[in-house]
There are 2 protein chains.
Amino acid sequence: MTPITIYDIAKEANVSVSTVSRVLNDTAPVRASTREKIMSIIAKHQFQPNAQARSLIKKETGTIAIILPDITNPFFPEVFWGAENEARGLGYTFFLCNTAGDYNRESEYLSMLREKRVDGIIFLGGRINMQTCPDDMAQELIDVGKRTPVVLVNGNIAKGGFHRVYTDEGAGAALAAEHLLELGHKDIAFVGGLKELSTTMVKVRAVQKKLREHGLEIPKDRLLLGSFSIDDGKREMAKLLESDNPPTAVICVNDNTAIGAMKTTIEHGLSIPRDISIVGFDDTPLASAVIPELTTVSQNTYQLGKLAVDKLHELINQRQVKKQTVLQPELIIRQSTGPAPR
Amino acid sequence: MTPITIYDIAKEANVSVSTVSRVLNDTAPVRASTREKIMSIIAKHQFQPNAQARSLIKKETGTIAIILPDITNPFFPEVFWGAENEARGLGYTFFLCNTAGDYNRESEYLSMLREKRVDGIIFLGGRINMQTCPDDMAQELIDVGKRTPVVLVNGNIAKGGFHRVYTDEGAGAALAAEHLLELGHKDIAFVGGLKELSTTMVKVRAVQKKLREHGLEIPKDRLLLGSFSIDDGKREMAKLLESDNPPTAVICVNDNTAIGAMKTTIEHGLSIPRDISIVGFDDTPLASAVIPELTTVSQNTYQLGKLAVDKLHELINQRQVKKQTVLQPELIIRQSTGPAPR
DNA sequence: GTGAAAGCGCTAACAG
DNA sequence: CTGTTAGCGCTTTCAC
């Protein structure tokens, strides 16, 4: 119960604190017998050195943080898992900061993390995904970046000069569009995603571009942005199906919305992919769990987290690192896409 | 870049460090003009006090940890979300420790967290879910508990005297069994879950008990334990369907396995619930996303996390708290269950 | 209202 | 090999 310190150990072993410190950190030779005596006393009291005190001197805390918008969206746990697994091996402990898409919360966390002197920060979603990030929010992150290593995942701050690892989401969306085009689809819709976020618009633009190459486009009434949830997928898809002008294929901003869209489609008595083809994004575990299995763009989510930590680690240790690491997505063709009807 | 301290601020403001400390913590009256001068200097340098140094004195870090087995299983992010949301309001930052079901990793984390002097620990899964937890593992956690407040969620250590919040999983399983019984099912199977874990066996026993009350039972060949993944659900269900003796209803250890089981069932050309009824556990977001929608037992997952933090907070502040908080589960009847065939 | 000084628990020279 | 002695950056008496 009583907080026991290195001094208590030293006294009981009849040595100085520095000797105890030496055995604790193996930082200088200590006579074997002394070492053993000290170790046994440490074990007896279950003594564990106070990391706070050590950090104060060493100017490192062995702690990194990940800021992300929604741990409840299966994409993020997967990233986290890749990051944490790697970080643990490197000796870090992870702060997880869930911002729920609230920019104030991001700011609060940024501030807390500075006070706690984390060794580095991995940032996903939120402001680094905004189409146009307000200057003050951008500046805030840039200021943090001056004092603490930061790695952005799947996002960016214009002119921020940040280190980043990201998936080429545009390329992924183009892959999806191409696949649909090859299947003969001409009436293609896009569903889901906040229109303020670049992760949405990058995909939309890439699809538009690909379609235009074929003399096609997504008309306004087939561009149904919303959010990233299953429910939103249901909602937008319902609008689409009840419109004058339903598509034969839809590209969804992520797997969640795709699954919602599938559900609504089937509930409307349509068959996937016979009547409508649907493609998702992220290849979360759900994609292969639903019926029909979802054709989707794989982001290699685990790697995203792992590589972010690797980069952060190099940064923390002041080593040279490439500013950017780009991951190429891959189209996973499953059962939810097929030839255009008729 | 240069680490700026309270001393730098004091010097620039021509005051002593104690005065700066006072305005930082609002811990004693400071003349308005002095305060303003100090504040402006703080703002100018974007100074943020070093939490490590403060913790050293105050003996609290404003940090709590959650240890859990698999952030990738949708149940846990939900718990985390409830916990984090509550904790943030109370001024804590969260360490997330993913153990991947590895008991060594639990031990490592337990040790790190002690060194980092977290204010409290929330523990899920792993050893607190073992049918019989080896003495050394139990003792390790008990020792941690002597120095750091610990709350166990949905698990226990026999004779550990821990504070706990948990769902009455047995009652939930009984609800599921009862529902199937009322629908006229007599051939009921149980799918998924590690047999070493109490979270599995509590459910199995509750179902057995309920069935016996009706002169029924789950025979050995309809008790297919495995793990908690979608894939395991598929695997076990396949065995069941290909056996001599397929059931008319199956209770799954969680939603993941239920979804896997549904998939396999449908792929075998059977109809749910006409040929087979399936019930899950946890009511994760998936449950209402699949077709047919899954009948499942809701655990009120968010509350589990929230209440754990509340209890931990009380403990940290040395207040009286009930040792146990039990949440009653609820059966959510959707589309995957129906009358027994014939 | 404000300052001086003594630590919090540990590491890191610097002497022996 | 081992002990002494400064701090790390902050809070907190205790005086004034």
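Residues numbered from 1 in each chain as written. Chains lettered and ligands numbered in written order. Predicted model: local features only at pLDDT ≥ 70, side-chain atom pairs only at ≥ 80, totals over all residues. Heavy atoms only, no water.

**Section: the pairing of strand E10 (residues 295–298) of chain B**
All names here are of chain B.
Then, in step 1: Taking every second residue as pointing to the same face, both faces of E10 are buried, with Thr 295 and Val 297 on one and Thr 296 and Ser 298 on the other.
Then, in step 2: The sheet contact formed by strand E9 (residues 277–282) and E10 spans four bridges and is parallel. Each residue of the ladder has a partner; that of Val 279, found in E10, is Thr 295.
Then, in step 3: As paired elements, E10 and strand E12 (residues 330–332) share three bridges and run antiparallel to each other. Paired with Thr 296 across the two strands is Ile 332, which belongs to E12. (Buried < 20%, exposed > 50% of the residue type's maximum accessible area, 1.4 Å probe, protein only. Helix = DSSP H or I, 4+ residues; strand = E, 2+ residues; numbered from the N terminus. Pairing = 2+ DSSP bridges.)

**What about helix H5 (residues 75–89) of chain B?**
Residues and elements named next belong to chain B.
Then, in step 1: A rise of 1.5 Å per residue sets the reference length of H5, with its 15 residues, at 21 Å; its end C-alpha atoms lie 22 Å apart and thus fit the reference within 8%.
Then, in step 2: Phe 75, Phe 76, Pro 77, Val 79, Phe 80, Gly 82, Ala 83, Glu 84 and Ala 87 are the residues of H5 that are buried.
Then, in step 3: A positive backbone phi angle near 90° is found at Gly 91, which sits one or two residues after H5. (Expected span 1.5 Å × (residues − 1).)

**Quick notes on the protein's contact with DNA strand C**
Then, in step 1: Near DNA strand C, the surroundings consist of 27 residues, among which A:Ile6, A:Ile57, B:Thr19, B:Arg22 and B:Arg31 are the closest.
Then, in step 2: Protein-adjacent atoms of DNA strand C, using a 4 Å cutoff, are sugar or phosphate at a proportion of 65%.
Then, in step 3: In the environment of DNA strand C, a phosphate oxygen lies 2.7 Å from a nitrogen or oxygen atom belonging to the side chain of B:Thr19.
Then, in step 4: Separating a base oxygen of DNA strand C from a side-chain N or O atom of B:Arg22 is a distance of 2.5 Å. (Near = heavy atom within 4 Å. Polar contact = N/O pair within 3.5 Å; in protein donor to acceptor, adjacent residues only side chain to side chain.)

**Notes on the interface of chain B and chain A**
Then, in step 1: Taken residue by residue, the interface counts 59 residues in chain B and 59 residues in chain A.
Then, in step 2: Both faces combined, the contact of chain B with chain A buries some 5400 Å², and carbon together with sulfur accounts for 52% of it.
Then, in step 3: At the junction of chain B and chain A, the tally comes to four salt bridges.
Then, in step 4: Of the charged contacts in the structure, one is a salt bridge between B:Glu293 and A:Lys263, with a shortest N-O distance of 2.4 Å.
Then, in step 5: On inspection of chain B and its partner chain A, the count reaches 30 residue pairs in polar contact (both at pLDDT 80 or more).
Then, in step 6: Every element with two or more residues in the side of chain B that touches chain A is listed here: helix H4 (51–58), H5, strand E2 (93–98), helix H6 (103–115), helix H7 (135–147), helix H10 (230–241) and helix H11 (255–267) of chain B. (Contact = heavy atoms within 4.5 Å. Buried area = accessible area lost by both parts, 1.4 Å probe. Salt bridge = Lys/Arg side-chain N within 4 Å of Asp/Glu carboxyl O.)

**Here we look at the relation of the copies chain B and chain A**
There are two copies of the chain, and a rotation about an axis plus a shift along that axis relates them.
Then, in step 1: For the pair chain B and chain A, the relating rotation is 180°, the translation along its axis is 0.0 Å, and the fit reaches an RMSD of 0.1 Å. Such values leave the two copies arranged in the relation of a two-fold axis. Relative to the rotation axis, the C-alpha of B:Phe95 is the closest in chain B, positioned 2.2 Å from it.
Then, in step 2: Of the residues that chain B buries at the interface, 100% are likewise interface residues in chain A, meaning the two copies contact each other through the same surface. (Least-squares fit on C-alpha atoms with pLDDT ≥ 70 in both.)

**As for the pattern of salt bridges**
All names here are of chain A.
Then, in step 1: By the definition in use, this model includes 42 salt bridges over all chains.
Then, in step 2: Taking the shortest distance from any N to any O, the salt bridge between Arg 222 and Asp 187 comes out at 3.6 Å. Within this pair, whereas Arg 222 is found in the loop between helix H9 (198–212) and strand E7 (223–224), its partner Asp 187 is found in the loop between helix H8 (169–182) and strand E6 (188–191), the two being separated by 35 residues in sequence.
Then, in step 3: For Asp 187, a relative accessible area of 32% gives the class partly exposed.

**Side note on the UniProt feature "domain: HTH lacI-type" (unreviewed entry) in chain A**
Then, in step 1: Residues annotated by UniProt as "domain: HTH lacI-type" (unreviewed entry) correspond here to residues 4–58 of chain A.
Then, in step 2: For residues 4–58 of chain A, the helix share is 71%, the strand share is 0%, and the end-to-end C-alpha distance is 21 Å. (UniProt positions renumbered as here; feature names shortened; annotations may be inferred.)

**What to know about the protein's contact with DNA strand D**
Then, in step 1: Taken together, 27 residues lie around DNA strand D, and A:Ser18, A:Thr19, A:Arg22, A:Thr34 and B:Ile6 are the ones closest in.
Then, in step 2: Backbone sugar and phosphate groups make up 64% of those atoms of DNA strand D lying within 4 Å of the protein.
Then, in step 3: A distance of 2.9 Å separates a phosphate oxygen of DNA strand D from a polar atom in the backbone of B:Asn50.
Then, in step 4: Of the residues that constitute the surface near DNA strand D, the class distribution is eleven nonpolar, ten polar and six charged. (Nonpolar A, V, L, I, M, F, W, Y, C, P; charged D, E, K, R; others polar.)

**Considerations on the nonpolar core**
Then, in step 1: With 48 residues, the main nonpolar core has A:Phe94, A:Ile122, B:Phe94 and B:Ile122 as its most contacted residues.
Then, in step 2: If you look at the next biggest cluster of nonpolar residues, it comprises 42 residues, including A:Met237, A:Leu240, A:Met262 and B:Leu286. (Core = buried A, V, L, I, M, F, W, Y, C linked by side-chain atoms within 4.5 Å.)

**Section: the domain arrangement of chain A**
Then, in step 1: Segmenting chain A into domains produces domain 1 (6–49), domain 2 (63–168 + 300–328) and domain 3 (169–299).
Then, in step 2: The distance between the C-alpha centroids of domain 1 of chain A and domain 2 of chain A comes to 39 Å. (Domains from an automatic or database assignment.)

**So, the packing of aromatic side chains**
Then, in step 1: Applying the stated criterion across every chain yields a total of seven aromatic pairs over all chains.
Then, in step 2: Aromatic pair A:Trp81 and A:Tyr302: ring centres 6.3 Å apart, planes at 70°, arrangement edge-to-face. With A:Trp81 in helix H5 (residues 75–89) and A:Tyr302 in helix H12 (residues 301–316), this pair connects stretches of sequence that are 221 residues apart.
Then, in step 3: Relative to B:Phe95, the ring of A:Phe95 lies with its centre 4.2 Å away and its plane at 10°, an arrangement referred to as stacked. Note that A:Phe95 is positioned in strand E2 (residues 93–98) and B:Phe95 in strand E2, a pairing that runs across two chains. Both residues of the pair, A:Phe95 and B:Phe95, belong to the buried class.
Then, in step 4: Just above the ring of B:Phe281 sits the side chain of B:Lys203; from NZ or CZ to the centre is 4.1 Å. (Phe/Tyr/Trp six-rings, centres within 6.5 Å; stacked < 30°, edge-to-face > 60°. Lys NZ or Arg CZ within 6 Å of the ring centre and 35° of its normal.)

**Here we look at the environment of A:Asp244**
Then, in step 1: Along the chain, the position of A:Asp244 falls in the loop between helix H10 (230–241) and strand E8 (249–252).
Then, in step 2: Judged by relative accessible area, A:Asp244 falls into the exposed class, the value being 82%.

**Some remarks on helix H1 (residues 6–13) of chain A**
Residues and elements named next belong to chain A.
Then, in step 1: Among all positions of H1, only Ile 9, Ala 10 and Ala 13 are buried. Around the axis of H1, the buried residues are gathered within 100° of arc, so they sit on the same side. In this structure, H1 carries Tyr 7 and Lys 11 as exposed residues pointing more than 90 degrees from its buried face.
Then, in step 2: Buried positions along H1 lie against helix H2 (17–25) and helix H3 (32–45).
Then, in step 3: N-capping of H1 is provided by Thr 5, with a side-chain oxygen placed 3.0 Å from the backbone N of Tyr 7.
Then, in step 4: Of the residues one or two after H1, Asn 14 is the one with positive phi, at around 55°. (Arc of directions from axis to C-beta.)

**Some words on the sheet that holds strand E6 (residues 188–191) of chain B**
All names here are of chain B.
Then, in step 1: Read across the sheet, six strands follow the order E7-E6-E8-E9-E10-E12 without closing on themselves; strand pairing throughout is mixed. The open sheet is flanked by strand E7 (223–224) and E12, the only strands paired with a single partner.
Then, in step 2: Both strand E8 (residues 249–252) and E9 contribute to a ladder of three bridges, which runs parallel. Residue pairing for E9: Val 250 is matched across the bridge by Ile 278.
Then, in step 3: Here H10 sits on the sheet in contact with E6, E7 and E8, set at roughly 150° to E6. (Axes fitted to C-alpha atoms, helices over the stretch in contact; angles between N-to-C directions.)

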